[in-house]
Amino acid sequence: MDPTKAPDFKPPSPNEELSPPTDPQSTIPNSDPIVPYVLADYNASIDAPFNLDSIKKNHKNSSSKHHHKHSSSRKNSSGGTGTRGSHRSQHIPLNASDFQPLSADVSSAEEDTDESTASNSTNNNNKDSGRSNSRTIDEALNEQLKAIDTGVKKYQIADLEEVPHGIVRQARNFDDYEFPTHRFSSGLKDPNKLPLVIVACGSFSPITYLHLRMFEMALDAINEQTRFEVVGGYFSPVNDTYQKPGLAPAYHRVRMGELACERTSSWLMVDAWESLQPTYTRTAKVLDHFNHEINVKRGGVSTTSGEKVGCKIMLLAGGDLIESMGEPNVWADADLHHILGNYGCLIVERTGSDVRSFLLSHDIMYEHRRNVLVIKQLIYNDISSTKVRLFIRRGMSVQYLLPNSVIRYIQEHKLYINQTEPVKQVMGGKE
Ligand SMILES: Nc1ncnc2c1ncn2[C@@H]1O[C@H](COP(=O)(O)OP(=O)(O)OP(=O)(O)O)[C@@H](O)[C@H]1O
Ligand SMILES: NC(=O)c1ccc[n+]([C@@H]2O[C@H](COP(=O)(O)O)[C@@H](O)[C@H]2O)c1
């Protein structure tokens, strides 16, 4: 847990500012904030009814603004949105009156806007637009409500545990490393959404059902509360030089992650890049690596029309990790601005941590609050890897805390049985 123990960790001295990663910020897409709310609006629904006429008006205004601003440089990450980029899909509404039309209305609204010199005949076709638009909206809303499929979705069924099938493996050394994309959706399914990749950094020693659940909770929150579409999810196990007590060798942690992802999920992957680095890599740099692989090397993600757009990358973390951002000398301010401003954070609430109060009290977090989505655990899960390691050491059952394939791997490789972590620390540390 304590990065100050990493061999290359240098606490920032009062006179020295730890610089953010050196990757050019220009490669990070100008993605909009994850949460278009201010805290005061917290319970307002992003999908509240909207006024199509005002959308058209706003869209016209903003499109003309876009034409002028097209070449303008990137805005301050904490600043407003909606004026950057000329493409509709890069616009995330900030106010209820600013919402995009439902999918059924997008094309007509857009056609109207794009053809700013629209002929009279087009206008004539739309002469009873007020009435027909509101009818269309109601119809579309009803259709959408009907279309919300209830029940367990096919992709959520975790029945792969006992099915014998191969595991996509990451290389054991950096020379053979390849960025895993076998479950990455290269294209968006919804024309109204923006692509998002979720990255969880941590020890994962071992990976547990809580770590896997975190992604599912994040997926639900993103689908329900934002205009983003998740196109991939990655675990990035920390490097061995992190030297946290109980850290199994990175090779094993990566393999356990792969087993867990491949056998219980249909969309999660493990990226070994961080674990294969010669030294500890700060989280800001890890996110830059994902940006490089997805947005620089692959050019982003295709929309339904085949055009490529930049993919937002967000850090998924538990409340404890976020609270560590307030501890002295653990995170450099420049890194926090980089992570929260250029990427963003999905924070899963953890028992015992008051994330919302922390968000209010932490200046940098508060500054970037629109890029932070706090995810409430509706069913509390507090499985701790530390306790799992203790149970294994004591010969106790860990069944139903982690996937069977991971339990078998631990048995086969005799992991965690000879650990020397002080029991007091294990039992006291997470409470
Ligand atoms: N109970 C929990 N609720 C929410 N997030 C959690 C919980 N446990 C771990 N996390 C998050 O999972 C990520 C990976 O954490 P980590 O590998 O340290 O798991 P852990 O179970 O806390 O491990 P350890 O017990 O070894 O510290 C971190 O972002 C951490 O905040
Ligand atoms: N300065 C930093 O970049 C910094 C500080 C603390 C933790 N972290 C990361 O957070 C994660 C913490 O994981 P644990 O909860 O397992 O300790 C690790 O991936 C670690 O690299 C990064």
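Rules and cut-offs
- Residues numbered from 1 in each chain as written.
- Chains lettered and ligands numbered in written order.
- Predicted model: local features only at pLDDT ≥ 70, side-chain atom pairs only at ≥ 80, totals over all residues.
- Heavy atoms only, no water.
- UniProt positions renumbered as here; feature names shortened; annotations may be inferred.
- Axes fitted to C-alpha atoms, helices over the stretch in contact; angles between N-to-C directions.
- Helix = DSSP H or I, 4+ residues; strand = E, 2+ residues; numbered from the N terminus.
- Left-handed = near helix turned anticlockwise from the far one by under 90°.
- Contact = heavy atoms within 4.5 Å.
- Nonpolar A, V, L, I, M, F, W, Y, C, P; charged D, E, K, R; others polar.
- Near = heavy atom within 4 Å.
- Polar contact = N/O pair within 3.5 Å; in protein donor to acceptor, adjacent residues only side chain to side chain.
- Areas by Shrake-Rupley, 256 points an atom, 1.4 Å probe, with all protein chains shown as cover.
- Buried < 20%, exposed > 50% of the residue type's maximum accessible area, 1.4 Å probe, protein only.
- Lys, Arg positive; Asp, Glu negative; His and termini not counted.
- Salt bridge = Lys/Arg side-chain N within 4 Å of Asp/Glu carboxyl O.
- Parallel < 35°, antiparallel > 145°, perpendicular 65-115°, else oblique.
- Core = buried A, V, L, I, M, F, W, Y, C linked by side-chain atoms within 4.5 Å.

The name recorded for the chain in an unreviewed UniProt entry is Nicotinamide-nucleotide adenylyltransferase, from Maudiozyma saulgeensis. What UniProt states about the chain under its Function (unreviewed entry) heading is, verbatim, "Catalyzes the formation of NAD(+) from nicotinamide mononucleotide (NMN) and ATP. Can also use the deamidated form; nicotinic acid mononucleotide (NaMN) as substrate to form deamido-NAD(+) (NaAD). Key enzyme in both de novo and salvage pathways for NAD(+) biosynthesis. Predominantly acts in the salvage pathways via NMN."

Undergrad: A description of the packing of helix α8 (residues 283-297) against helix α10 (residues 333-343) should follow, citing residues and the corresponding values.
TA: Contact pair α8 / α10: the axes reach a minimum separation of 9 Å and the direction vectors enclose 35°. Crossing angle aside, the handedness with which α8 passes α10 is left-handed. Taking contact as the criterion, the partners of T283, A284, L287, D288 and N291 in α8 are, on α10, D335, H338, I339 and Y343. Class assignment of the residues belonging to the contact of α8 with α10 gives a composition of 4 nonpolar, 3 polar and 2 charged.

Undergrad: I'd like to hear about the site of ligand 1, residue by residue, with values.
TA: Taken together, 21 residues are adjacent to ligand 1, and K244, D320, D382, S385 and T386 come closest. F204 has a polar backbone atom sitting 2.9 Å from an oxygen atom of ligand 1. At 2.5 Å from a nitrogen atom of ligand 1 is found a side-chain nitrogen or oxygen belonging to D382. Look at ligand 1: alone it shows 600 Å² of surface, and the protein chains cover 98% of it. Elements that contribute at least two residues to the shell around ligand 1 include exactly α5 (209-225), β6 (312-318), α9 (319-323) and α13 (385-393). A breakdown of the residues in the shell around ligand 1 according to their chemical character gives 6 nonpolar, 8 polar and 7 charged.

Undergrad: Describe the side chain of E274, and please don't skip the residues or the numbers.
TA: Here E274 is to be found in helix α7 (residues 273-276). We note that E274 is buried and unpaired, the nearest opposite charge coming from R253 at a distance of 7.8 Å. Within the structure, E274 has its side chain in polar contact with the side chain of S236 (distance 2.6 Å).

Undergrad: Requested: an account of the packing of helix α6 (residues 250-264) against helix α14 (residues 404-412), with residues and values cited.
TA: One can describe the packing of α6 onto α14 by two numbers: an axis separation of 8 Å at closest approach and a directional angle of 155°. As judged from the angle between their axes, α6 and α14 are roughly antiparallel. Seen along the crossing, α6 lies across α14 with a hand that is right-handed. Residues Y251, H252, R255, M256, L259, A260 and R263 of α6 form the contact with α14, whose own contacting residues are S405, V406, Y409 and I410. Looking at the contact of α6 with α14 residue by residue, the classes come out as 7 nonpolar, 2 polar and 2 charged.

Undergrad: Describe the nonpolar core, with residues and values.
TA: By size, the foremost hydrophobic cluster in this structure holds 88 residues, and its most contacted members are V197, I198, F235, L316 and L346. Sorting elements by how many residues they give to this core places α5 first, with 9 residues. Non-local contacts of I198, meaning those with residues more than four positions away in its chain, are made with F215, A218, I222, V230, G232, G233, Y234, W267, M314, L316 and L346.

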